[in-house]
Amino acid sequence: MIRVPRAGVLAIAALALVAPMTLGAAAAPAAHPAGLCIPLIWCPSPTPTPTPTPTSAVPGLPGVPGVPAVPGTPSAPGTTPAAPGETTPTPAPTPVVAAKDEGAPIFTKTPASMGSQGLSFTGLSGISIVDVPTIDGSTVRALKISADSITISGFSLTVRPPDTAGLVTNADTMTLKGHVSVYLGSITATTQDGRALTLGTDTPPPLDDVSPGLLRVTMGLVGTVADSISYTNTDQRIVEP
């Protein structure tokens with residue numbers, strides 16, 4: 001087992017989204033009285049009923065009768081109704097404002113790639129979106145998970161700067177203890193009840209989705225801080241680009 005004191009523990013920075021159409025018939029003209037008629041004494045000629053002039057539903061095209069609107073069809077010009085069975089897309093949530101993490105160390109720019117068979121927590125206290133500083137003077141958004149301890153089983157970490165050789169570390173377990181903060185660029189996993197979970201740096205997930213633990217985890221690891229980090233059955237090797 002390898003133990004690393006807090007002073008040396010910044011871990012591994014980030015080398016690491018009809019109703020059926022119904023056309024109504026035109027209404028019949030209302031009946032008009034033929035006038036008073038007394039046979040053989042006085043019978044005025046009936047007043048002829050005027051023939052109604054067809055109106056047009058289309059401006060500029062007289063004589064073209066209008067067609068009743070189909071129920072549910074928008075009346076505003078230039079709008080197109082949704083096809084039957086088509087759903088209106090749900091707008092993407094607005095990314096939350098990332099607060100600057102004053103306690104974060106300076107990380108490298110490229111996230112590392114970390115995988116594990118399982119991730120478990122004790123004292124999980126918060127998940128938030130933060131801005132952390134990088135070595136080139138800029139900042140990067142990260143998903144920050146804070147806990148008393150995090151245990152990672154089936155641990156694998158690949159740290160590879162662009163266009164240079166990288167380091168692959170495998171271990172049966174990796175355990176972080178004491179004031180643990182893990183900074184992630186992204187994470188995909190399976191929840192304990194079998195649901196697929198994908199997390200990014202736009203909106204923090206509910207604690208209830210994460211606190212029971214995660215399975216088959218893949219993440220972009222920006223870095224991690226803890227009082228101690230230990231490994232069991234560790235293997236490391238250099239990989240060429």
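A brief report on the enclosed structure follows. As the structure is a computational prediction, the values presented were derived from the model and not from experiment.

Thresholds, definitions, all that
Residues numbered from 1 in each chain as written. Predicted model: local features only at pLDDT ≥ 70, side-chain atom pairs only at ≥ 80, totals over all residues. Heavy atoms only, no water. Helix = DSSP H or I, 4+ residues; strand = E, 2+ residues; numbered from the N terminus. Buried < 20%, exposed > 50% of the residue type's maximum accessible area, 1.4 Å probe, protein only. Contact = heavy atoms within 4.5 Å. Pairing = 2+ DSSP bridges. Salt bridge = Lys/Arg side-chain N within 4 Å of Asp/Glu carboxyl O. Core = buried A, V, L, I, M, F, W, Y, C linked by side-chain atoms within 4.5 Å. Phe/Tyr/Trp six-rings, centres within 6.5 Å; stacked < 30°, edge-to-face > 60°.

**A few points about the side chain of Thr 175**
Part 1 of the argument: Residue placement: Thr 175 occurs in strand E6 (residues 166-191).
Part 2 of the argument: Here Thr 175 falls in the buried class, since its relative accessible area comes to 13%.
Part 3 of the argument: Excluding residues that lie within four positions of it along the chain, Thr 175 makes contacts with Ile 150, Thr 151, Ser 228, Ile 229 and Ser 230.

**A short note on the pairing of strand E3 (residues 112-122)**
Part 1 of the argument: Note: E3 against strand E8 (residues 214-225), 7 bridges, orientation antiparallel. Each residue of the ladder has a partner; that of Gly 118, found in E8, is Leu 215.

**Here we look at the pattern of salt bridges**
Part 1 of the argument: Tallying each qualifying case throughout the model produces 4 salt bridges.
Part 2 of the argument: Residue Asp 136 pairs with Lys 109 through a salt bridge whose shortest N-O separation is 3.9 Å. With Asp 136 in the loop between strand E4 (126-133) and strand E5 (139-159) and Lys 109 in the loop between strand E2 (99-100) and E3, this pair connects stretches of sequence that are 27 residues apart.
Part 3 of the argument: Residue classification places Lys 109 among the partly exposed positions, given a relative accessible area of 42%.
Part 4 of the argument: We note a salt bridge from Arg 195 to Asp 193, for which the minimum N-O separation is 3.3 Å.
Part 5 of the argument: A network of salt bridges, in which partner residues are shared, links Asp 193, Arg 195 and Asp 209.

**Some thoughts on the pairing of E6**
Part 1 of the argument: As paired elements, E5 and E6 share 15 bridges and run antiparallel to each other. Bridge assignment links Ile 152 to a residue of E6, and that residue is Met 174.
Part 2 of the argument: Adjacent in sequence and paired antiparallel, E5 and E6 are bridged by 6 residues, among which Asp 163 carries a positive phi angle near 60 degrees.
Part 3 of the argument: With 5 bridges connecting them, E6 and strand E9 (residues 228-232) associate as antiparallel partners. In the strand pairing of E9, Thr 175 is matched with Ser 230.
Part 4 of the argument: Two elements, E6 and strand E7 (residues 196-199), share 4 bridges in a ladder whose sense is antiparallel.

**Quick word on the nonpolar core**
Part 1 of the argument: One finds Leu 119 and Ile 150 to be the most contacted residues of the largest nonpolar core, which totals 34 residues.
Part 2 of the argument: Of all the secondary structure elements, the ones that give two or more residues to this core are E3, E4, E5, E6, E7, E8 and E9.
Part 3 of the argument: The residues touching Leu 119, leaving out its near neighbours within four places in the chain, are Met 114, Ile 150, Thr 151, Ile 152, Gly 213, Leu 214, Val 217 and Met 219.
Part 4 of the argument: In this structure, Ala 104, Val 130, Val 132 and Val 222 belong to the second largest nonpolar core, which totals 7 residues.

**Things to note about the packing of aromatic side chains**
Pairs of aromatic rings are described using the distance from one ring centre to the other and the angle between the two planes.
Part 1 of the argument: Scanning the entire structure with this criterion turns up 2 aromatic pairs.
Part 2 of the argument: Seen from their ring centres, Phe 107 and Tyr 183 are 5.3 Å apart, and the 55 degrees between their planes marks the pair as tilted. Remark: Tyr 183 occurs in strand E6 and Phe 107 occurs in the loop between E2 and E3; sequence separation between them is 76 residues.
Part 3 of the argument: Taking relative accessible area as the criterion, Tyr 183 reaches 2% and is therefore assigned buried.

**Thoughts on unusual backbone geometry**
Apart from glycine, the bulk of residues carry a negative phi angle, and the bulk of peptide bonds sit in the trans form.
Part 1 of the argument: Positive phi outside glycine occurs at His 179, with the angle close to 50 degrees.
Part 2 of the argument: On the basis of relative accessible area, His 179 is assigned to the exposed category, the value being 62%.

**Examining the environment of Gln 192**
Part 1 of the argument: Tracing the backbone shows Gln 192 in the loop between E6 and E7.
Part 2 of the argument: Using a relative accessible area of 45% as the deciding quantity, one classes Gln 192 as partly exposed.
Part 3 of the argument: As a C-alpha pair, Gln 192 and Gly 118 span 74 residues in sequence and 9.8 Å in three-dimensional space.
Part 4 of the argument: With residues near it in sequence (within four places) discarded, Gln 192 still touches Pro 212, Gly 213, Leu 214 and Leu 215.

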